[in-house]
Structure formats: C-alpha cells, structure tokens
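Each chain, written out:
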Amino acid sequence: CHRIGSKMLYLDIRGDLDSEIRERGTQSLSSLSTEDVSANTNGPNQDALFDDDPEDLFAEATEEVSLDSPERDILLSDGPSPAITPITPPTSVIAPRIGHTHDDMFTHSSFDEIEEEEVDDSFDINISVSDPEKVGDGMNAYMAYKVTTKTSMSLFKQREFSVKRRFSDFLGLHSKLASKYLHVGYIVPPAPEKSIVGMTKVKVGKEDQSSNEFVEKRRSALERYLMRTVKHHILLKDPDVLQFLESSELPRAVSTQALSSAGLLRMVNKAADAVNKMTIKMNESDAWFEEKQQHFESLDVQLRKLHISVESLVCHRKELSVNTAQFAKSAAMLGNSEDHTALSRALSQLAEVEEKMDQLHQDQANADFYLFSELLGDYVRLLAAVKGVFDHRIKTWQKWQDSQILLQKKREAEAKLQFTNKSDKLQQAKDEIKDMEGRVQQDERDFEQISRTIRKEVGRFEKERVKDFKTSIIKYLESLVLTQQQVIKSYFTFRYVTASV
Amino acid sequence: MMMTEENEVESTLSVCGHNIQIAEVLKDGEMLSFLIVSQKLSGTGEYHVHRNYDDFEWLQHNLFCQEDVAGIQGVIFPPLPAKAQVNTAAKVMKQLGFLSLGEWQPYCKALEVFLQQVAAHSILSKNKAVEVFLTNPDSPGKQKVKKNIFNRLSQAVDGMRKEGHKDVDDFFQTARDHNLVLTNCTKTVTEKLLEVVQTEQKIAVACGHFSAALLLCVEPGDDPNKQAFSKVCVKLSEVFESMKKSTTGVSENDVSTMGLGLDLESRYQEAIKEMLFRRTCKLVELEHARRNAEKAKPVKKAAMEELRKAAETEFEDISRVAKEEITRFEAVRVKMLQQAMVQWCEKQLLTAKECADQFTQHLEVFRGMNFK
C-alpha cells in the first residue's frame, strides 16, 4: 500500500483492470488523495481483503484510476456525452468504519423511518435558479446564480429564501450526495455538465448570443437538477441539501475541479464492462433485477436515438429561422423596388409577416430544445446513475460472497489449529471467526437492504419519469398552440392588407 | 380584295383561352406527356390532346418566327419553363427551382399558364400553330422549324455593351432600369423562398423520424408505470405526426401559391428583359443605318436611304408594340402577384387553423391523462 499524491478516483472493481486504466498523473488534488491504496484484487484469494483502512471505505478490492489518463482529453472537451455521477468518497463526510459495525452517517434503519414519514408530509417545494451574474474578471471570473426556494414544508426555517451559488457549489453538493447514497442503492440525480469551452467564453467577457445561450442552458440545467434532487424524499432531508438551499455562506468545493462528466462516464463504462466480463456470475435469485437491467439497457438505447432525433429537429428549426429572416429581407427589398404603391405595401407587409415567423421559429426551436432535447439528455444521464446502483448491488453481493468464503477459510484454519498445541493462536482464530460471522451477517443485510432500496427507487424513477414527460409535453403543446394562434393573427393582418391591392 | 400578308396567317382561336387545363401528366418512357383540355367556344365540347415538351417548343418557335408580323420583336413572349424529363439532371432540377417540386404539379401549372397567356395574347393567338397545338389530335411532330432570328441577350456577341446603350425614349430607359432592378430582386426572393421550403421539408422528415422512434419506446407488461409511459410515448408520437402533416402542408402551400407566383414573375421579368434588349439592338441598328445613310456617297445613297427607312419603320413598330405590351403586362403582373399572395395567405390560414385545432386536441388528451 502506498500513498499516491495525484488525482485519484476510486471505483469498486474486481478483476484485472490495472493494465487498462492505471496511469499516474502529475497534478495533485489533496482532498481526493487517500492514505492507503490497496492493490487490486484478483478474486477472493487475495489477502489484501484483510486490509482495513479506517478511512477508506472502499479499501477492499479497489482499483485506482487516475484522472490524468488518456481520458483527460475527453475530460476537457465540451462533448455531449452524458454525465455520470462521481463516486469519490470524500473522507470527511463519511464516518470511518470501525471494525465491523457500520457507522454510516445514515444507518439503513433510519432510512426506513424517513420513508414512512414521507407519506404524511405533503411535498410542497419549488426551486428556481435565476439572475446569472458574472463575478470577478478574467480567468478567475465565475457565474453566480440566485437559488430561490419557496416552500411550506416544516423542514425549512422560512417559507421563501434565496442564496447565491456558483456552479462548483452544485457539483460539490452532488459529489457529497453521491458518496453518501449511491452505494446503498439510491438513484442520485446527476449534476449538470461541465463545459470548459462554454465557461471560457463567458469569462473572457464575450457578450454574444452563443455565450448567452450557454448561460441560459446552464441555468435551466441547474434548476432541473435541484428540483429532481429535492423531489427525492430522502435527499430532500439531507443536511447538505438543506445547507445548500438555506445557508448564505458555503465552503468552496475544491474537489470538483477535475470532475468532468465525459471522462467519468468513459471510466465507469469501462468498469462496468469489466464487471460484465467477469467470470463471476452473480447467482441472481431474483429475476426482477435481471429483467429490469435489460429493460434499462434497451431504454437507454431508445432515449439516445430520440435525443439525436430531436437535436436534428432543433438544428433544422434554427436553419428555418435563418432562412425565413433572409426571405423577409429579400421581400422587403422587392417591395422597395416596386412602383405600384399597393403592391409595394403588400410586399412590405409580407416581409413583416415573415419576420414574425422567424421569431416564432426561434421560439419553437427553444421549446424543442428545452422541453425535449434537454429532458431526454437528462434521462440518458439519469439512466447512467440507475446503472450505477445496479452495479453497486452486484458489488455488495460479491462482498457478501467473499465474506462467506473467508469465514469458511477461517473455520478450516481453526480446525487445523485444533490439532496443534498453540492455544493462544487457537483463541485468536476463534475470535476471528466470531468477527467474521458478524461480518457475513452484516454483508447479507447490506445486500438485502440495497436490493430493497433499488426496488423502491426503480418504482419511484418510473413514476417520476411519467410525470416528468407529461409535464414537459403539456408545456410544449401549450407553446405550440400559442405559436399557431400568433401565426393565424399574422396571416389575418396580411390578408387585410393584400385585399386592398 | 387583296389580302395583306398579315391576314394570311391570321386565324381566330376556336377555344376558350383562359381556362385551358393540363389535366394530367404521364410518364411516356423518358418523356413527360401532358393531357391538355380546352373548351370549345362554339357550344359545348372539349378538345383533349396529348403533348410533350417538344411540341411546346415547336409552338414557341412558331410564335418567334413570325417575321411578317409588324413589331413582333416588341412582344413579351410568355416564358416557357425549361425542359423536364422523367429523370431530369440535377443541374436542370436546380434551374427549375419550384417547378421541380411537388410531383410535377407546379410544373404543369406553369405550362398551363403559358398556354393561357399565349391564347389570350392579341397578336400571338392569331398564329395558326396555336390552334393546331390545342385542337389537332395528332402531335405537331418534329416539323422543321425555321431558324430563330431573334437576338437573344444570352447569345449576343457584344450583349453587355448593347444592353447599356442609352435610350432615346424616357419611357423605355425607365423601363429598362426598372426591369434590371426587379429581375435581380425577384430572383433573390424566389431563391430565398425555395430555401425556406427545403428547410420545411427537412423539418417534416425529422418529425417523422422522431414520431417513429417514440413508438419504439413502448414497453410491454402489466406494470402500471410502464403502461403509463408507453401511453405517453404513443400520444407524443401522434403529436409529432400532426406536426409533420402541418409542416408538409405549409411547405406545399408555399410552393403552390407564392412559389409558383414568384417563379412566373421571375421568368416574365426575364422575358421583358429579352424584349427590351431586342428593341435596344434595333435602336443600335437604326443609328448605324442613319449614320450610313448620312455618310453614303451619292452612288450608294439611295440604297442606304431605303435601309434607313426600313430600320426606322421596324423600330417604330417594335416600340409601339413594346409600349402596349409593357402597359398591358403591368396590370396583369400586379393582379397575378396579388392573387398569389392572397391564395398563399388563405391556404396558410387554413393550415394554421387545422394545426391549432389538432394541437389543442392533443393538449386536452395529455391534460386528461391521470396516472395513479
């Protein structure tokens, strides 16, 4: 075990991944480095499993993955690939596990209590993200957003309140939530994407349409992110969430600097592939999980197709807006060249109508984008989080299996010791067996718990999905109807003018 | 009574000019064959004839080659669209613009207008070829066509210089200047509208794709959440089918009214340009003839004078006809453009209303969806 002073991302992976992923970076990011890094495991025979680093929850069978890998280019790129929740365990947040009792911040039993409460407390909270404001100058500048919460829930100190937050604050919140909840099966909504290109434009003060669009896109994404997070009855009550929404000052989240969605997704996908390639086949006693996993995989494919389809539609709509504006201009020019007064007036009116159409096309393109393209993108990213919890369940199962095997070995060792005269060693062996038995029981409970949680979470996800889509679609249709009414109005005006020619 | 040469070729058209129709377009091997229907002026009855593009060209050539008609060069000849075939080359399709769209319907309409304008023209309708074209059951065939003696701007050797030649008549100088501006503006507007239409078509296709992709998201099973999501996908698919339909409708309206109108106007402006150029060439010719007559030595003087007189008469005839044509055309043109715009507006209004109704219905469906 050795300390690595570089950016590290820990993933619970079994199997031979080091050749593929391991690469040391040069930059240091102190909050992410850990005391001890155990070597990778090659299955249950590895003695490293015994290593019990109190600070590293993922001590067993962890694989170090450096962020300064070939993926770095993707990290820094402005690609459209969906984000994946980072699963780093900031050691400050989670209480260290001492021995074999789990002192997680939130024990499983307390979650069950919260869920029972949820039925009584009505969900009434609305969060808006607004007023983007540039703070500072040059490359150190950042965008500050106003986060306003309106609620009648007793959970909060006031009914309406605002705070100022910057993008890295959101990433920091997500990072904390992911580290606390993902590994026990909760689908934590992913944070919006980083965009180095987009932000740089804003920082250098480029006040053009594309940087305005970028800021608006981000603002909307942040709002959706927060709403999705608080809609989750467990996450809503998390102290980090409450602090994020309420407290006027927030400690700066430094660990988010290198967290980029694209690079993380690549790495997690590789990890997931490795899990799939493993010869260890999980003894799936519950067909529900297998069916669900397949279902989500095919849903992922469908959503991505839809997303591409909508992006193409948005693109053409914007093109139509440009072409309509040009047509309007040329009609105006023709009108100006026209001698016949009434005809000239009609042509000028045509130009005006087409200018209005241009505006309507732009509005339509925005509706297409925000109500569908972004929605679909959000769901593709959410599905990655769903996939993550399923993978965690497999790892939890694996841990339980490994504990059982270990227990067996210890029993065998103890049996052997029976025939020797080493009474102290025998006692030690007996003690270890007792510990191990406790561990096996706990691991089994963990596995059952995560399975239960995932079932509930999937149910919640599928319910939310319907509501989400329905809400977006209704907004979209309302905008369509409004647009058509404005089109009709424009044509009425035009008809009146041309009739007098 | 001595008949003048002009009267020999004179004939009265036996059909009604303003409602000539192209009822059908058929594929005849590589060629397109058009069914032309015209109403007999005497009582009831129709003529049904099949013609292809070569026949149209035959007609046009006959109209051009009427040297015996005084001032024929001053006529604004109704423009004939370019030749279209079953498999037309991409370059020609591009040249045809709006006429290449809509399964040849706009193209047929353009040919129809051509025939209507010819039949309505006081000078052109008198040509026998028009009657033959519209009424003779047999195709005029590949008759030997006399050489087109017209100076075409595009073929003139020093066209540019002649085109700029200063006019002696303010009316015509203004007409020429104005025509230059209008030709360019109209061409641009037509091109820009075509680009709009092409983008509308792309949007319709994209809507279709999205609609189809949504149906793939339907999830089987009894699970109520899955059923709810499936229903949402199916209904949303219907929304985008509606959108596809309405966008297609908008695009078709653009083509059949405004597009066609602008295309016709554009080709007519070109025809006027050609006519004015012919007159300008005649003016140049006249000025040469005058100079020659002045400078001529006594021996040649008489002959040069003859030429000068002939040139003057021709120029006067052309100018007279041209002036009438321009005045007549102005009225026709304004009416035509107004009609195009009114029709466009009416059709788009109808499509927009249908679209609004459909979307409102879809909205009600979604609002009414209640999931447990």
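Residues numbered from 1 in each chain as written. Chains lettered and ligands numbered in written order. Predicted model: local features only at pLDDT ≥ 70, side-chain atom pairs only at ≥ 80, totals over all residues. Heavy atoms only, no water.

Taking an unreviewed UniProt entry as the reference, chain B is identified by name as Sorting nexin-5-like belonging to Gouania willdenowi. Looking at chain B in UniProt, the text filed under Sequence similarities (unreviewed entry) is "Belongs to the sorting nexin family." (UniProt positions renumbered as here; feature names shortened; annotations may be inferred.)

Chain A carries the name Sorting nexin-2 in an unreviewed UniProt entry, which gives Gouania willdenowi as its organism.

Caption draft 1: Region of the structure containing the overall build of chain B. A tally of regular secondary structure across chain B gives nine helices and three strands. Viewed in the frame of its principal axes, chain B has a C-alpha envelope of about 110 × 45 × 35 Å. Counting the 372 residues in chain B, one finds 51% classified as buried. Carbon and sulfur atoms make up 53% of the accessible area of chain B, which amounts to about 18,900 Å² in all. Mean positive and mean negative side-chain charge positions of chain B (48 and 53 charges, respectively) differ by 4 Å. (Helix = DSSP H or I, 4+ residues; strand = E, 2+ residues; numbered from the N terminus. Buried < 20%, exposed > 50% of the residue type's maximum accessible area, 1.4 Å probe, protein only. Areas by Shrake-Rupley, 256 points an atom, 1.4 Å probe, with all protein chains shown as cover. Lys, Arg positive; Asp, Glu negative; His and termini not counted. Charge placed at Lys NZ, Arg CZ, Asp CG, Glu CD.)

Caption draft 2: Local environment of the UniProt feature "coiled-coil region" (unreviewed entry) in chain A. On the UniProt side, "coiled-coil region" (unreviewed entry) is annotated at positions that read residues 419-453 of chain A here. A helix fraction of 89% and a strand fraction of 0% characterise residues 419-453 of chain A, whose end C-alpha atoms lie 46 Å from each other.

Caption draft 3: Quick look at the state of the cysteines. Residues and elements named next belong to chain B. Within the structure shown, the criterion is met by zero disulfides over all chains. With no disulfide of its own, Cys-233 lies closest to Cys-217 among cysteine sulfurs, the gap being 4.7 Å. Look at Cys-233 and you get buried, because its relative accessible area is 2%. Take Cys-355: it sits in no disulfide, and the sulfur closest to it among the cysteines is that of Cys-207, at 10 Å. (Disulfide = S-S within 2.5 Å.)

Caption draft 4: Quick look at the packing of aromatic side chains. Residues and elements named next belong to chain B. A full pass over the atoms with the stated rule returns 27 aromatic pairs over all chains. Seen in terms of ring centroids, Phe-34 and Phe-56 are 6.1 Å apart; in terms of plane orientation they differ by 85 degrees. Their pairing is edge-to-face. Of the two residues, Phe-34 sits in strand S2 (residues 31-39) while Phe-56 sits in helix H2 (residues 53-64), which places them 22 residues apart along the sequence. For the pair Phe-34 and Phe-56, one class covers both residues: buried. Taking 6.2 Å as the distance between ring centres and 50 degrees as the angle between the ring planes, the aromatic pair formed by Phe-56 and Phe-114 counts as tilted. Of this pair, Phe-56 sits in helix H2 while Phe-114 sits in helix H4 (residues 105-120); the two residues are 58 residues apart in sequence, bridging distant segments of the chain. (Phe/Tyr/Trp six-rings, centres within 6.5 Å; stacked < 30°, edge-to-face > 60°.)

Caption draft 5: Local environment of the sheet that holds strand S1 (residues 21-28) of chain B. Residues and elements named next belong to chain B. Read across the sheet, three strands follow the order S1-S2-S3 without closing on themselves; strand pairing throughout is antiparallel. The open sheet has two edge strands with one neighbour each: S1 and strand S3 (46-52). If you compare each strand with its neighbour and ignore which way they point, the axes differ by 20 degrees on average. Taken together, the seven bridges between S2 and S3 define a ladder with antiparallel strand orientation. Each bridged residue has a counterpart across the sheet, and for Ser-33 the counterpart in S3 is Asn-52. Where H2 meets the sheet, its contacts fall on S1, S2 and S3, and the angle it forms with S3 comes to roughly 100 degrees. Contacting S2 and S3, helix H5 (residues 128-135) crosses the sheet at an angle of about 95 degrees to S3. (Pairing = 2+ DSSP bridges. Axes fitted to C-alpha atoms, helices over the stretch in contact; angles between N-to-C directions. Contact = heavy atoms within 4.5 Å.)

Caption draft 6: The arrangement of unusual backbone geometry in detail. Residue and element names in this part refer to chain B. Even without a glycine there, the phi angle at Glu-103 is positive, about 55 degrees. Examined against the element boundaries, Glu-103 turns out to sit in the loop between helix H3 (90-96) and H4. We classify Glu-103 as exposed; its relative accessible area is 70%. Of note in the backbone geometry, Trp-104 takes a positive phi value of approximately 70 degrees without being a glycine. Structurally, Trp-104 can be placed in the loop between H3 and H4.

Caption draft 7: Geometry of the pattern of salt bridges. Tallying each qualifying case throughout the model produces 46 salt bridges over all chains. Among the ionic pairs, Lys-202 of chain B bridges to Glu-319 of chain A, the shortest N-O distance being 3.0 Å. A residue pair is termed interchain when its members come from two chains, as with Lys-202 of chain B in helix H7 (residues 170-215) and Glu-319 of chain A in helix H10 (residues 287-337). Glu-346 of chain B serves as the salt-bridge partner of Arg-495 of chain A, at 3.1 Å between the closest nitrogen and oxygen. Placement of the pair is Arg-495 of chain A in helix H12 (residues 423-499) and Glu-346 of chain B in helix H9 (residues 298-367), with the two residues belonging to separate chains. What emerges from the salt-bridge pattern is a single network uniting Glu-193, Arg-224, Arg-228, Glu-374, Asp-378, Arg-381 and Asp-468 of chain A. (Salt bridge = Lys/Arg side-chain N within 4 Å of Asp/Glu carboxyl O.)

Caption draft 8: Here's a closer look at H2 of chain B. Residue and element names in this part refer to chain B. An ideal rise of 1.5 Å per residue puts 16 Å on 12 residues; H2 measures up with 17 Å between its terminal C-alpha atoms. Burial in H2 covers these residues: Tyr-53, Asp-55, Phe-56, Trp-58, Leu-59, Gln-60, Leu-63 and Phe-64. Looking at the buried side of H2, the elements it contacts are S1, S2, S3, H4 and H5. The residue sitting at the N-terminus of H2 and contributing the capping side-chain oxygen is Asn-52; that oxygen lies 3.1 Å from the backbone nitrogen of Asp-54. (Expected span 1.5 Å × (residues − 1). Polar contact = N/O pair within 3.5 Å; in protein donor to acceptor, adjacent residues only side chain to side chain.)

Caption draft 9: Seen up close, the side chain of Thr-135 of chain B. All names here are of chain B. Along the chain, the position of Thr-135 falls in helix H5. Here Glu-131 takes part through its backbone oxygen, which lies 2.6 Å from a polar atom of the side chain of Thr-135. When residues no more than four places from it in sequence are discounted, the contact partners of Thr-135 are Ser-14, Val-15, Tyr-47 and Val-49.

Caption draft 10: Representation of the sheet that holds strand S3 (residues 125-135) of chain A in the model. Residue and element names in this part refer to chain A. The strand order across the open sheet built from three strands is S3-S4-S5, with neighbouring strands paired in antiparallel fashion. Single-partner strands in this sheet number two, and they are S3 and strand S5 (160-166). Each neighbouring strand pair of the sheet contributes to a mean axis angle of 20 degrees, computed without reference to strand direction. Note that strand S4 (residues 142-151) and S5 share seven bridges and pair antiparallel. Within S5, the residue paired with Tyr-145 across the bridge is Arg-165. Sheet strands in contact with helix H4 (residues 167-181) are S4 and S5, and its direction is about 100 degrees off that of S5. Contacts from helix H8 (residues 239-246) reach S3, S4 and S5, with the element oriented near 95 degrees to S5.

Caption draft 11: Structural detail: the domain arrangement of chain B. All names here are of chain B. On domain assignment, one finds that chain B holds domain 1 (1-137) and domain 2 (161-372). Look at where the C-alpha atoms of domain 1 and domain 2 centre, and you get two points 21 Å apart. Residue-level contacts link 23 residues of domain 1 with 27 residues of domain 2. Between domain 1 and domain 2, roughly 2,200 Å² of surface is buried when both sides are summed, and carbon and sulfur atoms account for 70% of that area. When the area that domain 1 buries against domain 2 is broken down by residue, the three leading residues are Gln-73, Ile-76 and Phe-98, summing to 37%. Taken together, domain 1 and domain 2 are joined by zero salt bridges. At the boundary of domain 1 and domain 2, one finds five residue pairs in polar contact (both at pLDDT 80 or more). Ranked by residue count, the leading element in the side of domain 1 that touches domain 2 is H4, at five residues. (Domains from an automatic or database assignment. Buried area = accessible area lost by both parts, 1.4 Å probe.)

Caption draft 12: Representation of the interface of chain B and chain A in the model. Taken together, the 61 residues of chain B in the interface contact 58 residues of chain A. With both sides pooled, the region where chain B packs onto chain A buries about 5,300 Å², and carbon together with sulfur makes up 75% of that total. When the buried area of chain B at its contact with chain A is split by residue, Phe-210, Phe-229 and Met-341 of chain B rank highest and sum to 11% of it. For the pair chain B and chain A, the interface holds six salt bridges. Across the chain B-chain A interface, the total number found is 14 residue pairs in polar contact (both at pLDDT 80 or more). Elements with a minimum of two residues in the side of chain B that touches chain A: H7, helix H8 (224-295) and H9 of chain B. Of the residues that constitute the side of chain B that touches chain A, the class distribution is 38 nonpolar, 11 polar and 12 charged. (Nonpolar A, V, L, I, M, F, W, Y, C, P; charged D, E, K, R; others polar.)

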